[in-house]
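The primary structure of each chain is shown beneath.
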Amino acid sequence: MRRGVTIRFEGIGKRFGRRVVMRGIAGQARPGSILVLTGPNGSGKSTLLQILAGLIRPTRGEVRYLDGDGEVPREEWRHRIGMAAPALALYEELTAMENLEFCARVRGLEVDGDRLRNGLVAVGLDPDRPTVVGGFSTGMQQRLKLAQAVLHDPDVLLLDEPGANLDPDGQDWLAEFVRGMAEEGRTVVVATNDRDEMTWGTDRVALPG
Amino acid sequence: MWRFLGETMAVFAKDMRCEFRTRVAFNSLALFAVTTLAAVSYTIGPYGIAEADRPYLLGALLWIVVFFAAMAGLDRSFVKEEETHTAPLLRLAARPLVVWGGKLLFNTVTLALLMAILVPLYVVLMGLSVRTPGWFILVLAAGCLALAVTTTIVAAIVARAMSRGALFAVLSVPLLLPLLVFLIQGTRAAIEGRVPDVLAALRAVVSLGGVMTVASAFLFPVVWHD
Amino acid sequence: MTRRDILLGALFLWMAAVIWAAFLWAPAAAGFLGQSSRIVFFHVPTAWVATLSFLVSFIASVQYLRTRDPRWDVRAHASASLGIVFTILATVTGSIFARIMWGSYWNWDPRETSITFLLLIYAAYFALRGAVPDPERKAALAAVYAILAFVTVPFLVFVVPRIYWSLHPDTIINTKGRITMDSRMFRVFMASLAGFTGLAAWLYDLECRIEALRRKAEEEIL
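**Some remarks on the confidence of the model for chain C**
All names here are of chain C.
Then, in step 1: With 86% of its residues at a pLDDT of at least 70, chain C reaches an overall mean of 83.
Then, in step 2: Looking across chain C, the model is least confident in helix α5 (residues 135-163), with a mean pLDDT of 82, and most confident in helix α2 (residues 40-67), with 91.
Then, in step 3: Counted against residues more than four places away or in other chains, residues 172-178, with its pLDDT under 50, gives nine contacts.
Then, in step 4: Note on the complex model: pTM 0.89, ipTM 0.90.

**Section: the pairing of strand β6 (residues 81-84) of chain A**
Residue and element names in this part refer to chain A.
Then, in step 1: Of the two faces of β6, the one holding I81 and M83 and the one holding G82 and A84 are both buried throughout.
Then, in step 2: Relative to strand β7 (residues 156-160), β6 is paired through four bridges, and the arrangement is parallel. The residue of β7 that forms the bridge with I81 is V156.

**Observations concerning the interface of chain B and chain A**
Then, in step 1: Taken together, the contacts link 24 residues of chain B with 23 residues of chain A.
Then, in step 2: With both chains or domains summed, chain B and chain A bury close to 2,300 Å², and 62% of this area falls on carbon and sulfur atoms.
Then, in step 3: For the chain B face of the interface with chain A, the top three residues by lost area are L89(B), L92(B) and A93(B), together amounting to 30%.
Then, in step 4: On the surface where chain B and chain A come into contact, there are three salt bridges.
Then, in step 5: Here E98(A) ties to R21(B) by a salt bridge, and the two come within 2.7 Å at their closest N and O atoms.
Then, in step 6: Among the elements that line the side of chain B that touches chain A, the one with the most residues is helix α1 (residues 2-22) of chain B, at nine residues.
Then, in step 7: Of the residues in the side of chain B that touches chain A, the class split is ten nonpolar, four polar and ten charged.

**Quick word on empty space enclosed by the protein**
Then, in step 1: Enumeration according to the criterion identifies two cavities of 30 Å³ or more in this entry.
Then, in step 2: Lining the largest cavity, in full, are D15(B), C18(B), E19(B), T22(B), V24(B), A25(B), R76(B), S77(B), K80(B), E81(B), K103(B) and F106(B).
Then, in step 3: Only α1, α2 (24-43), α4 (76-83) and α6 (96-125) of chain B provide two or more residues apiece to the lining of the largest cavity.
Then, in step 4: Each residue belonging to the lining of the largest cavity can be placed in one class, and the counts come to four nonpolar, two polar and six charged.
Then, in step 5: Space inside the second largest cavity adds up to approximately 60 Å³.
Then, in step 6: Together, F54(C), S57(C), F58(C), A80(C), I121(C), Y122(C), Y125(C), A146(C) and A149(C) line the second largest cavity.
Then, in step 7: Of all the elements in the fold, those that place two or more residues in the lining of the second largest cavity are α2, α4 (110-130) and α5 of chain C.
Then, in step 8: Each residue belonging to the lining of the second largest cavity can be placed in one class, and the counts come to eight nonpolar, one polar and no charged.

**A short note on the pattern of salt bridges**
Then, in step 1: Tallying each qualifying case throughout the model produces 33 salt bridges over all chains.
Then, in step 2: A salt bridge links R80(A) to D155(A); the nearest nitrogen and oxygen atoms lie 2.6 Å apart. Here R80(A) is found in helix α2 (residues 77-80), whereas its partner D155(A) is found in the loop between α5 (138-150) and β7, with 75 residues between them in sequence.
Then, in step 3: Here R80(A) falls in the buried class, since its relative accessible area comes to 8%.
Then, in step 4: Look at D155(A) and you get buried, because its relative accessible area is 11%.
Then, in step 5: For K14(B), the salt bridge is made with D15(B), and the minimal N-O distance between the two is 2.7 Å.

**Side note on the layout of surface pockets**
Then, in step 1: Taken as a whole, the second largest pocket holds about 1,200 Å³ of empty space.
Then, in step 2: Around the second largest pocket sit 44 residues that line it, and T59(A), Y64(C), P70(C), P135(C) and E136(C) are the ones nearest its centre.
Then, in step 3: Residues that form the lining of the second largest pocket fall into these classes: 16 nonpolar, seven polar and 21 charged.

Thresholds applied
- Residues numbered from 1 in each chain as written.
- Chains lettered and ligands numbered in written order.
- Predicted model: local features only at pLDDT ≥ 70, side-chain atom pairs only at ≥ 80, totals over all residues.
- Heavy atoms only, no water.
- pLDDT = per-residue confidence, 0-100.
- Helix = DSSP H or I, 4+ residues; strand = E, 2+ residues; numbered from the N terminus.
- Contact = heavy atoms within 4.5 Å.
- Buried < 20%, exposed > 50% of the residue type's maximum accessible area, 1.4 Å probe, protein only.
- Pairing = 2+ DSSP bridges.
- Buried area = accessible area lost by both parts, 1.4 Å probe.
- Salt bridge = Lys/Arg side-chain N within 4 Å of Asp/Glu carboxyl O.
- Nonpolar A, V, L, I, M, F, W, Y, C, P; charged D, E, K, R; others polar.
- 1 Å grid on protein atoms, 1.4 Å probe; cavity = no way out; pocket = protein on both sides within 12 Å on 5 of 7 lines; lining within 4 Å.
- Points joined across faces, edges and corners; volume = space filled by probe spheres on them.

As structure tokens, this is what we get:
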């Protein structure tokens, strides 16, 4: 049984040097729902998503992960979060399989060749392709990033512009994929400006420009 | 414990595999080492130094060559993760200590490989004769470990800042200075065959390296996550 | 008048008395060329303050990493700024003394080596601060570096001078634990140590307040 995670964030402010990116942002993402973060370019959607993942420390405010047992400690977050974002690159010198295998090993998962292959097939990639990721198209890289994000069956899925660089078929597949993730009880947060992707949302936080 | 080692090895193996496919760090280390070695050997050679000064000066020169080579390439392991934006993924997936351990292992192996090629060449080109080769190798090995520990944590700091290349040397020098002094003394003593002095220098290198290892292990998570 | 003003006035009078006594009241020490020994009243206290600032900045760095309270970062930064100024002063006064006693400004005497090392650490510390735009990250990385530098210092200060032969006069409380100073000289010397410590405390306080104001001004745009 999946233990759903609620993400609560309050009073988030971030400053890079003298430049203020956001201030006083608050919201909540619940299990089984899709929270959409919108806002014009430069409003800090990607930054907020990285703050939610614990990758960037906010100047102000606090992010908390809550599950049935109370607050999830920071060291546990890495097991619960899956993330795909332009800011999270894959290793260009490695093939798709090698990238996934590395992610699995470093997370301490059992390395099961079939499972990794299935993960690649599920996002529409060929596991036997010998090309390194540096030679992939951006759309293929995006698919691989999604495979990486769900590799460890996370409770929280954080996606930054997930549909960018995907062809129309790919975007349809993506919508299905993300909705499925939420229906299985995951907490999904999507940062996007795409009108279609905004309709996925059950909740929304709009960032001022 | 075994899981920790397994995950550390995963980081190390990944770094090795990436490095063998591009060879950026290996090449810059080797090129720097060979260039300085050629310069030293050309200008000084086996007969350029008076007999009495040989053990001291040759020991010092050896470590200077190693130090410069280290400055040229040992920051790559961390800087590359930031430059190619793969660091956030690693930060999300791995425990901080595992990353530190993997990178430390990678830097140690890189430096050891370099020294395995560089030192014999140096000995031949400079006509160096070592009275106690066993102790000489032990000093080199201890130096390799201590240098790797220090440069690993500095590389981790530098990777999180701007103008990384210049900063790496600026931050490393003060931390490496005492270490280099001890290593030069130990190397000289090993060349001259004075075992008690080798032991004194080794003790200093090991304790400094040990202190650095403990401090790095405690501080690395801060560097990695901020 | 606030308590701060009174303390400041007392410090001013105290330092004036120390300067007068250092040049006119204390005798010149035997075994040193001319009046050169009088520099001890200024050289040693500056070196002492340089070392003290290094210690304060280490403690403040540890505290910052423990509490994440930006005020500790302000303190670490303030004492490091003070440290670099006094390190330069100690280097210059020492170098002048070296020129008179030993005939050259710089000999790589072990103590000269140690202070150069301290100077390098401070320079690296500020280079690092300058290279990190994000304030939280800057504070954390600088704290880590200050701690790493601090743990290597004992090796240089305590081990290296024991190995090398030194021209430097014995430290005041030397290895035998005996005091080798004329009693008048000793009194002026201690008064000067106290005076410089007070001076450093005042400068430190000023620097902390200035830095806090500067940050507050930056905070207000958030």
